[in-house]
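Residue strings, one per chain:
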Amino acid sequence: MTETRPPFPPFSRETATQKVRGAEDGWNSCDPERVALVYTPNSYWRNRSEFIRGRTEIVAFLSRKWAKELDYRLIKELWAFTENRIAVRFAYEWHDDSGNWFRSYGNENWEFAANGLMEKRFACINDLPIKESERKFHWDRSRPRPVDHPGLSELGL
């Protein structure tokens, strides 16, 4: 059986936005196995200075990430799209095991296969230490970000 993950390229603004929100919801689950299923079996990533290939490495990477980045909450926003590519900007908040809070900002470039699975992901990310009182992402982690929660632009990020 062939894997598919609609919507499929070529993307419209509506379908690109659906992909972005789906990715946000998946990453906010902090479930590496679930997240890995939206990538092709031989997907290629560059995440900061780390190079990752395939679902097994994706699961290992995300498991390490979410063991370190506690109370993770992410917002993604569509930046641009064309044919089978989408560019997003994002911010996420998290704290380490010492209670130090951070907001991580970045951009991702995505390339999709015809079946809607992501083949390539290139991420550039910077971390900014913040005070807990400066946090902006406060929704219940057991659920996706509420529809009425402000996005990055509305939050001035």
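What you see is a predicted model; the values in this text were computed from it and never measured.

1. Brief notes about the overall build of the protein
Helix and strand counts for the protein stand at three helices and six strands. Along the chain direction, N to C, the helices and strands of the protein fall in the order α-α-β-β-α-β-β-β-β. In terms of overall dimensions, the protein is globule-like: its C-alpha atoms have a radius of gyration of 15 Å, near the 15 Å expected for 157 residues. In terms of overall dimensions, the protein has a C-alpha envelope of 45 × 30 × 25 Å along the principal axes. Across the 157 residues of the protein, 47% fall into the buried class. The contacts in the protein between residues at least 6 apart in sequence include a share of 56% that link residues at least 24 apart. When the accessible surface of the protein is split by element, carbon and sulfur atoms take 51% of a total near 8400 Å². Each charge class in the protein was averaged separately, 25 positive and 24 negative side chains, and the resulting centres sit 2 Å apart.

2. Quick word on the pairing of strand β4 (residues 85-95)
For β4, a buried count of ten out of eleven residues is recorded, marking the element as mostly surrounded by other parts of the structure. Bridge count for strand β3 (residues 70-82) against β4 is ten bridges, and the pairing is antiparallel. Each bridged residue has a counterpart across the sheet, and for Leu78 the counterpart in β4 is Val88. Pairing of β4 with strand β5 (residues 101-112) involves eleven bridges; the strand directions are antiparallel. Within the sheet, the bridge partner assigned to His95 lies in β5 and is Trp101. Adjacent in sequence and paired antiparallel, β4 and β5 are bridged by five residues, among which Gly99 carries a positive phi angle near 85°.

3. Observations regarding the packing of aromatic side chains
Applying the stated criterion to the full structure yields 13 aromatic pairs. Judged by centre distance (5.0 Å) and plane angle (65°), the rings of Tyr39 and Trp45 are edge-to-face. The two residues Tyr39 and Trp45 agree in class, both being buried. When the ring of Trp110 is compared with that of Phe112, the centres are 6.1 Å apart and the planes differ by 80°; the resulting orientation is edge-to-face. Taking the relative accessible area as the measure of exposure, Trp110 reaches 3% and is therefore buried. An aromatic cluster of three or more residues is present, and its members are Trp27, Tyr39, Trp45, Phe61, Trp66, Tyr72, Phe90 and Tyr92. Taking the ring centre of Trp45 as reference, the NZ or CZ of Arg121 above it sits at 4.3 Å.

4. What about helix α3 (residues 54-68)?
With 15 residues, α3 ought to run about 21 Å at 1.5 Å a step, and its terminal C-alpha atoms sit 22 Å apart, in line with that. Those residues of α3 lying buried are Gly54, Arg55, Ile58, Val59, Phe61, Leu62, Lys65 and Trp66. Looking at the buried residues of α3, the elements they touch are α1 (13-28), α2 (32-36), β1 (39-47), β2 (50-53), β3 and β4.

5. Some details on the sheet that holds β2
Taken together, six strands build an open sheet; the order of strands is β2-β1-β6-β5-β4-β3 and the sheet is mixed. If you trace the sheet from one side to the other, it starts and ends with β2 and β3, each paired once. Adjacent strand axes in the sheet meet at a mean angle of 20°, parallel and antiparallel pairs treated alike. Along the sheet face, α1 touches β1, β3, β4, β5 and β6 (118-130) and points at about 165° away from the line of β3. The strands touched by α3 within the sheet are β1, β2, β3 and β4, with β1 carrying the most contacts at an inclination of about 50°.

Definitions and limits used
Residues numbered from 1 in each chain as written. Predicted model: local features only at pLDDT ≥ 70, side-chain atom pairs only at ≥ 80, totals over all residues. Heavy atoms only, no water. Helix = DSSP H or I, 4+ residues; strand = E, 2+ residues; numbered from the N terminus. Rg over C-alpha atoms; globule rule 2.2 N^0.38 Å. Buried < 20%, exposed > 50% of the residue type's maximum accessible area, 1.4 Å probe, protein only. Contact = heavy atoms within 4.5 Å. Areas by Shrake-Rupley, 256 points an atom, 1.4 Å probe, with all protein chains shown as cover. Lys, Arg positive; Asp, Glu negative; His and termini not counted. Charge placed at Lys NZ, Arg CZ, Asp CG, Glu CD. Pairing = 2+ DSSP bridges. Phe/Tyr/Trp six-rings, centres within 6.5 Å; stacked < 30°, edge-to-face > 60°. Lys NZ or Arg CZ within 6 Å of the ring centre and 35° of its normal. Expected span 1.5 Å × (residues − 1). Axes fitted to C-alpha atoms, helices over the stretch in contact; angles between N-to-C directions.

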